[in-house]
Amino acid sequence: MHKKQITVALSGLNNIDNPGPGIPVIRGIRESNIFEPRIIGLAYENLEPGAYMHNLVNKTYKVPYPSDGVDALIERIRYINDIEKIDVLIPNFDSELFTFMKSADILKTMGIATFLPTFKQFEERHKSNLPKFGKKYNVKVPFSIALTNINDIDNLTDDFEYPVVVKGKFYDANIAYSKEQALIYFNKISSKWGLPIIIQEFIKGIEVNVVALGDGKGNTIGAVPMRKQYITDKGKAWSGITLDNKNMLDLTHKIITDTQWRGGMELELIKTSENELYLIEINPRLPAWVYLAVGAGQNLPEALVNLAMGKFVKPFSNYEVGKIFIRYSYDMICNVDEFQELSINGTL
Amino acid sequence: MKNIIKLKTNIAISEKGFVFDPTTGDSYTVNAIGLEILEMIKQRKVFVKISDMITAKYDVEPSSFEQYFFDFIAVLKQMQLIENNDA
């Protein structure tokens, strides 16, 4: 079968101990039977490993941080697009999604397709809005509040019992067993990700996740539940296994239908010993473990590209249960010339 | 003791004694005799039948086997490998 040549630009090339989803998304797209992709990496840092993985990434361009604003980003994307003629752009970081969502129409005029959540979907699933989300969609969520002032930690015991989970608005979460620990984590996380800090009720149970893709019309294109088997000190899955869990899939279908979710998503859930599922987070993009879904029979990155290009995508009806991913680290040997090229010229 | 103990239907048991619960992702290993007993439970054999077969094959008193058997069932229950309303 003749494969269609397309150019896909992606971020999230930081394939480190807390990896971005870029490389696994690329692997899915590269395994497509439909596309022959040219992959353009969008890197924020000179040492993002993906930039040096030439078997996966054809060319990498440095891009400005989202905090530099929409104009700087668009100007850079316009420059890259003039050279590369990008068909689809997949932002893979939570922190850049808002900027890309805001720029979706401009990108469209440049011939670049995206498939992102709407502003409403993006906003209402924010960690700080989770209690409202749970109430609106009748989903069990842990009680949580958003703090903007460190002094509010003093009053936490009015609403919570320790331990509590201290979370950043985009990333990071720590369990605090005392006020002193809560203060430490508040400072540590807010210095990195800003305010607010979310204080969440600690739910005891097993951490399970679902990677899913919604078509924006209430249909679930694919969904694969996973249990983390090995968790790093950063709370990231180093190994996980696909599950046959109807409750998790029913919850995913319900959330996608009720919110009319558009794009990739990851549901982070806690399963209690009574088999209740608590939603602790919705990440509005495909997660770094998405390649497990590809390995289990659902190539969600390929489906995402198809949706972005306006193609009809038939929902996946099954996946293989008991598939395991095991992450590993690997030292690449690179020439300093390459590092220099990316550092000085912003391309590699 | 005439009740049939029902293993959850989707539990996978390999011939080498690897037990996998696809609902939770938990996996366990059982020794050869544990595997024999699990297979008999899977075949819906009642306790008396299982006891007869095991005590005939191995050097164990029926009263001792009964105790070991129900300890084993308690562990399976704790691991949520058998249906709730049984045993």
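Heads up: the structure comes first, above all this text.
Here we summarise the structure given alongside this text. Just so we're clear, the structure is a prediction, and the values are computed from it rather than from any experiment.

Within chain B, the secondary structure is distributed over 3 helices and 3 strands. Starting at the N terminus and ending at the C terminus, chain B contains elements arranged as β-β-β-α-α-α. The C-alpha radius of gyration of chain B comes to 12 Å, within 12% of the 12 Å expected for a compact globule of 87 residues. Summarising its shape, the C-alpha atoms of chain B cover approximately 35 × 30 × 20 Å along the three principal directions. Looking at chain B as a whole, 36% of its 87 residues are labelled buried. For chain B, long-range pairs separated by at least 24 residues make up 46% of all intrachain contacts whose partners lie at least 6 apart in sequence. On chain B, roughly 5,300 Å² of surface is accessible, and the fraction owed to carbon and sulfur atoms is 51%.

Residue and element names in this part refer to chain A. Strands sit in the order S13-S12-S9-S10-S11-S14 across an open sheet of 6 strands; the sheet is antiparallel. Two strands in the sheet have a free side with no partner beyond their single neighbour: strand S13 (277–283) and strand S14 (324–326). When the angles between neighbouring strand axes are averaged without regard to direction, this sheet yields 30°. Bridging between strand S10 (residues 220–231) and strand S11 (residues 237–242) involves 5 bridges; their strand directions are antiparallel. Paired with arginine 227 across the two strands is isoleucine 241, which belongs to S11. Those strands touched by helix H8 (residues 246–259) are strand S9 (206–215), S10, strand S12 (262–271) and S13, and its axis lies near 40° from that of S9.

In this complex, chain A contributes 12 residues to the contact, which on the side of chain B involves 8 residues. Counting each side, the surface lost to burial between chain A and chain B is near 710 Å², with a carbon and sulfur contribution of 43%. Interface area lost by chain A to chain B is led by A:Arg227, A:Leu243 and A:Asp244, which between them contribute 46%. Among the salt bridges present, the one from A:Arg227 reaches B:Asp26, with a minimum N-O distance of 2.2 Å. Between the two partners, chain A and chain B, sit 4 residue pairs in polar contact (both at pLDDT 80 or more). When contributions to the side of chain A that touches chain B are tallied by element, the ones reaching two or more residues are S10 and S11 of chain A. Its residues assigned to classes, the side of chain A that touches chain B shows 3 nonpolar, 6 polar and 3 charged.

Attention shifts here to unusual backbone geometry. Trans is the prevailing form of peptide bonds, just as negative phi is the prevailing case for residues other than glycine. For the peptide bond that leads from A:Tyr162 to A:Pro163, omega is 5°, which places it in the cis range. If you trace the backbone, A:Pro163 turns up in the loop between strand S5 (144–147) and strand S6 (164–167). Put simply, A:Leu195 and A:Pro196 share a cis peptide bond, and its omega is 0°. Looking at the secondary structure, you find A:Pro196 in the loop between helix H7 (179–193) and strand S8 (197–201). Non-glycine residue B:Arg44 carries a positive phi angle of around 65°. By secondary structure assignment, the location of B:Arg44 is in the loop between helix H1 (32–42) and helix H2 (47–57). Judged by its relative accessible area of 44%, B:Arg44 falls in the partly exposed class. For B:Gln80, which is not a glycine, the phi torsion comes out positive at approximately 60°. Tracing the backbone through its elements, the reader meets B:Gln80 in the segment after helix H3 (62–78). You can call B:Gln80 partly exposed: its relative accessible area is 29%.

Bringing the sheet that holds strand S2 (residues 18–20) of chain B into the picture now. Residue and element names in this part refer to chain B. Ordered in space as S1-S2-S3, the 3 strands form an open sheet in which the pairing is antiparallel. Two strands close off the open sheet at either side, each with one partner strand: strand S1 (12–13) and strand S3 (27–29). Two strands pair when backbone bridges link them, and S1 and S2 are joined in this way by 2 bridges, in the antiparallel orientation. Looking at S2, one finds that isoleucine 13 is bridged to valine 19.

Another point: the nonpolar core. All names here are of chain A. Counting 63 residues, the largest nonpolar core has Ile90, Ile255, Leu269 and Leu279 as its most contacted members. Of all the elements, helix H10 (residues 300–308) adds the most residues to this core, at 6 residues. Contacts of isoleucine 255, omitting those with residues within four sequence positions, involve Phe133, Val139, Gln260, Met265, Leu267, Leu279 and Ile282. Counting residues in each nonpolar core, the second largest holds 23 residues, with Ala9, Leu42, Tyr61 and Tyr171 among its members.

We now examine H1(B). Residues and elements named next belong to chain B. Turning to H1, its buried residues number three or more, namely Gly34, Leu35, Ile37, Leu38, Met40 and Ile41. Residues of H1 that are buried in the fold lie against S1, S2, H2 and H3. At the exit of H1 stands arginine 44, carrying a positive phi of roughly 65°.

This part is about a nonpolar patch on the surface. Residues and elements named next belong to chain A. Taken together, the side chains of Leu47, Val336 and Phe339 define a hydrophobic patch exposed on the protein surface, amounting to about 310 Å² of accessible area. Relative to the assigned elements, phenylalanine 339 resides in helix H11 (residues 336–345). For phenylalanine 339, a relative accessible area of 33% puts it in the partly exposed group.

Reading the values: the criteria
- Residues numbered from 1 in each chain as written.
- Chains lettered and ligands numbered in written order.
- Predicted model: local features only at pLDDT ≥ 70, side-chain atom pairs only at ≥ 80, totals over all residues.
- Heavy atoms only, no water.
- Helix = DSSP H or I, 4+ residues; strand = E, 2+ residues; numbered from the N terminus.
- Rg over C-alpha atoms; globule rule 2.2 N^0.38 Å.
- Buried < 20%, exposed > 50% of the residue type's maximum accessible area, 1.4 Å probe, protein only.
- Contact = heavy atoms within 4.5 Å.
- Areas by Shrake-Rupley, 256 points an atom, 1.4 Å probe, with all protein chains shown as cover.
- Pairing = 2+ DSSP bridges.
- Axes fitted to C-alpha atoms, helices over the stretch in contact; angles between N-to-C directions.
- Buried area = accessible area lost by both parts, 1.4 Å probe.
- Salt bridge = Lys/Arg side-chain N within 4 Å of Asp/Glu carboxyl O.
- Polar contact = N/O pair within 3.5 Å; in protein donor to acceptor, adjacent residues only side chain to side chain.
- Nonpolar A, V, L, I, M, F, W, Y, C, P; charged D, E, K, R; others polar.
- Core = buried A, V, L, I, M, F, W, Y, C linked by side-chain atoms within 4.5 Å.
- Patch = residues over 30% accessible without salt bridge, like charges linked within 9 Å, V, L, I, M, F, W, Y side chains within 5 Å.

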